[in-house]
Amino acid sequence: MKIAIVCYPTVGGSGVVATELGKHLARRGHEVHFISSEPPFRLRGFRPNVAFHQVDTPSYYLFKDAPYLLSLANKIAEVHRHVHLDVVHAHYAIPHATAAYLAREMTAPDGPRVVTTLHGTDITLMGQEPSYAGSIAFAIEKSDGVTAVSEHLRRLTVETLGVRRPIVHIPNFLDCDEFRPAAPPGLREQYARPGERIVAHLSNMRPVKRVDRVVEIFARIAREVPARLLLIGDGPECPKAWQLVREKGLTERVYFLGNQDEVVPLLSIADVFLLPSIQESFGLAALEAMACGTPVVASRIGGLPEVVGETGYLLPPDDVDGMVAAALRILTDAAEHDRLAASAVVRVREQFCADRIVPRYEAFYRQVLG
Ligand code: GMT
């Protein structure tokens, strides 16, 4: 098939999943066309069967913001006219599903089929905004096929946006050859002294991730056991976290590592992974930690129970005491740590590897193509 993948290029789960899907589809012999404002951050180097098409957004003094939606729709239509796409797969509904819909109408009657994957805040935050809700619901309804990354998100979309077209649940996935426990020799010693425990958090540091709470939980853990915190990622909440770390006198114990291309080594040296988000439709970072053999302590919200299952501890998002206690249990009881770590690796391998999930997208495209 000839498949266009439309996604955000920035660090964030939806862009990561879209990029990995495109890479795997290309490896399986499909012709893949990424369409975005920049090359997606996990799409590096030359890959057979992969092309990247950059969307230009010329500005004009009348525009407050350049109309990306129009340029994107135009680019999808242009690519289609040239290569005859079978499917345009929009990752994250806003504005990608609308652009794909416009492109299909612009190239009717031979336009590509539109598949939209809902990732989370496109429904849970932006989708609830009165200024966006109607047009988002419309674009979802007009897609030829819609998927959601968790059962929770699928249900929520039907309930809150009143979408009537069937939405298929296809979970996120990982490349299990890459995501596995792999701690490079000597790396742990770079971050922790012998006997110290390592706590990790990975996110794009948006308010929903509650990075301040990560620091708070860590501060309480560090009172009980010698420990270090790895904060992986960057985003608007970072300055707040820096400040909190200084206020709590933890500067020597917390590493702000920023965005990292390769997270497997860092996740593999961690003893526990914290994700106390307010919302999480899936929680790809938790899945990545699990794959690296790191037990998760996270909020029992959204799609996280579907991801973590019984392999970690899930608590109400406000239950800081509970999260501290759960993390301490993992950090002080080696048998409990090892039991959770082993079951997390098995769960990822049995349910969330690319070789299980990518064929489900292929089958879905075929179904949509009739
Ligand atoms: O957090 C965001 O708003 C970013 C968004 C994204 O585009 O990466 O994250 C959502 O999609 C990820 C990939 O499917 C999920 O793993 C995240 O749980 C989801 N974020 C939220 O629901 C808050």
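Everything discussed here concerns the structure shown above.
Residues numbered from 1 in each chain as written. Predicted model: local features only at pLDDT ≥ 70, side-chain atom pairs only at ≥ 80, totals over all residues. Heavy atoms only, no water.

1. Looking at the overall build of the chain
Then comes step 1: Summing up its helical and strand segments, the chain has 15 helices and 13 strands in all.
Then comes step 2: Taken along the three principal axes of its C-alpha coordinates, the chain extends 65 × 45 × 40 Å.
Then comes step 3: When burial is assessed residue by residue, the chain has 56% of its 370 residues classed as buried.
Then comes step 4: Entry remark: accessible area of the chain is about 15800 Å², with carbon and sulfur atoms responsible for 51%.
Then comes step 5: Charged side chains of the chain number 40 positive and 43 negative; the gap between the two group centres comes to 1 Å. (Helix = DSSP H or I, 4+ residues; strand = E, 2+ residues; numbered from the N terminus. Buried < 20%, exposed > 50% of the residue type's maximum accessible area, 1.4 Å probe, protein only. Areas by Shrake-Rupley, 256 points an atom, 1.4 Å probe, with all protein chains shown as cover. Lys, Arg positive; Asp, Glu negative; His and termini not counted. Charge placed at Lys NZ, Arg CZ, Asp CG, Glu CD.)

2. What to know about the site of the ligand
Then comes step 1: In the region of the ligand, 17 residues are neighbours, and Gly-13, Ser-14, His-119, Thr-121 and Glu-280 sit closest.
Then comes step 2: His-119 places a side-chain nitrogen or oxygen 2.6 Å from an oxygen atom of the ligand.
Then comes step 3: In this structure, an oxygen atom belonging to the ligand sits 3.0 Å away from a main-chain N or O atom of Gly-283.
Then comes step 4: Coverage of the ligand by the protein amounts to 92% of the 480 Å² it exposes when considered alone. (Near = heavy atom within 4 Å. Polar contact = N/O pair within 3.5 Å; in protein donor to acceptor, adjacent residues only side chain to side chain.)

3. Some points on the sheet that holds strand β12 (residues 296–299)
Then comes step 1: Within the open sheet, the six strands sit side by side as β10-β9-β8-β11-β12-β13. Their pairing is parallel. Of all the strands in the sheet, just β10 (254–258) and β13 (313–315) have a single pairing partner and so form its edges. The average angle at which neighbouring strand axes cross in this sheet is 20 degrees, direction not considered.
Then comes step 2: In this sheet, strand β9 (residues 227–232) lies alongside strand β8 (residues 197–202) in parallel orientation, the contact comprising six bridges. Each residue of the ladder has a partner; that of Leu-202, found in β9, is Ile-232.
Then comes step 3: The strands touched by helix α8 (residues 211–224) within the sheet are β8, β9, β10 and β11 (272–275), with β9 carrying the most contacts at an inclination of about 165 degrees. (Pairing = 2+ DSSP bridges. Axes fitted to C-alpha atoms, helices over the stretch in contact; angles between N-to-C directions. Contact = heavy atoms within 4.5 Å.)

4. Here's the deal with the sheet that holds strand β6 (residues 145–148)
Then comes step 1: Spatially, seven strands are ordered β3-β2-β1-β4-β5-β6-β7 in an open sheet, and the strand pairing comes out parallel. The strands lining the two open edges of the sheet, one partner per strand, are β3 (50–54) and β7 (167–169). Strand after strand, the sheet turns through a mean of 25 degrees between neighbouring axes, direction not considered.
Then comes step 2: Looking at chain direction, strand β2 (residues 31–36) and β3 are connected through five bridges and run parallel. Bridging across to β3, His-33 finds its partner in Ala-51.
Then comes step 3: Against the sheet, helix α15 (residues 354–369) engages β1 (2–6), β4 (87–91), β5 (113–118), β6 and β7, with an angle of about 140 degrees to β5.

5. Here's the deal with the nonpolar core
Then comes step 1: One finds Leu-230 and Phe-273 to be the most contacted residues of the largest nonpolar core, which totals 81 residues.
Then comes step 2: With near-sequence residues (within four places) excluded, Phe-273 lies in contact with Ala-200, His-201, Leu-202, Leu-267, Ala-285, Ala-286, Ala-289, Thr-294, Pro-295, Val-296 and Val-297.
Then comes step 3: Ranked by size, the runner-up nonpolar core spans 32 residues in total, among them Val-225, Leu-250, Val-297 and Leu-315. (Core = buried A, V, L, I, M, F, W, Y, C linked by side-chain atoms within 4.5 Å.)

6. Considering the state of the cysteines
Then comes step 1: Under the defined criterion, the tally for this structure stands at one disulfide.
Then comes step 2: Disulfide pairing is shown between Cys-176 and Cys-353; the S-S distance is 2.0 Å. Between Cys-176 and Cys-353, the S-S dihedral sits near -100 degrees, and the bridge is therefore left-handed. Placement of Cys-176 in the loop between β7 and α7 (187–191) and of Cys-353 in the loop between α14 (334–351) and α15 is noted, with a sequence separation of 177 residues between them.
Then comes step 3: The class of Cys-353 is buried, set by a relative accessible area of 7%.
Then comes step 4: This cysteine, Cys-292, is not joined by any disulfide, and Cys-176 carries the nearest cysteine sulfur, 10 Å off. (Disulfide = S-S within 2.5 Å.)

7. Focus: the packing of aromatic side chains
Then comes step 1: Counted under the stated rule, the structure contains seven aromatic pairs.
Then comes step 2: Ring geometry for Tyr-101 and Phe-138: centres 5.3 Å apart, planes at 90 degrees, overall edge-to-face. A residue pair is termed long-range when its members are at least 10 positions apart, and Tyr-101 in helix α3 (residues 93–106) and Phe-138 in helix α5 (residues 130–142) qualify at 37 residues.
Then comes step 3: Among the aromatic residues, ring-to-ring pairing joins Tyr-60, Tyr-61 and Phe-63 into one connected group. (Phe/Tyr/Trp six-rings, centres within 6.5 Å; stacked < 30°, edge-to-face > 60°.)

8. Quick notes on α5
Then comes step 1: Taking 1.5 Å per residue, 13 residues should reach 18 Å; α5 reaches 19 Å between its end C-alpha atoms and fits that length.
Then comes step 2: Taken as a whole, α5 has its buried residues at Ile-136, Ala-137, Ala-139 and Ile-140. Mapping the buried residues of α5 onto a view down its axis gives an arc of 165 degrees, with all of them on the same face. When the buried face of α5 is taken as reference, the exposed residues oriented beyond 90 degrees from it are Pro-130, Ser-131 and Gly-134. (Expected span 1.5 Å × (residues − 1). Arc of directions from axis to C-beta.)

9. A closer look at the environment of Ile-170
Then comes step 1: As for its placement among the helices and strands, Ile-170 is situated in the loop between β7 and α7.
Then comes step 2: Judged by relative accessible area, Ile-170 falls into the buried class, the value being 1%.
Then comes step 3: Remark: the alpha-carbon pair of Ile-170 and Val-149, spanning 21 residues in sequence, is separated by 5.4 Å.

10. As for a negative patch on the surface
Then comes step 1: Judged by side-chain charge, Asp-177, Glu-178, Glu-262 and Asp-355 come together as a negatively charged surface patch.
Then comes step 2: Relative to the helices and strands, Asp-177 is located in the loop between β7 and α7. (Patch = residues over 30% accessible without salt bridge, like charges linked within 9 Å, V, L, I, M, F, W, Y side chains within 5 Å. Salt bridge = Lys/Arg side-chain N within 4 Å of Asp/Glu carboxyl O.)

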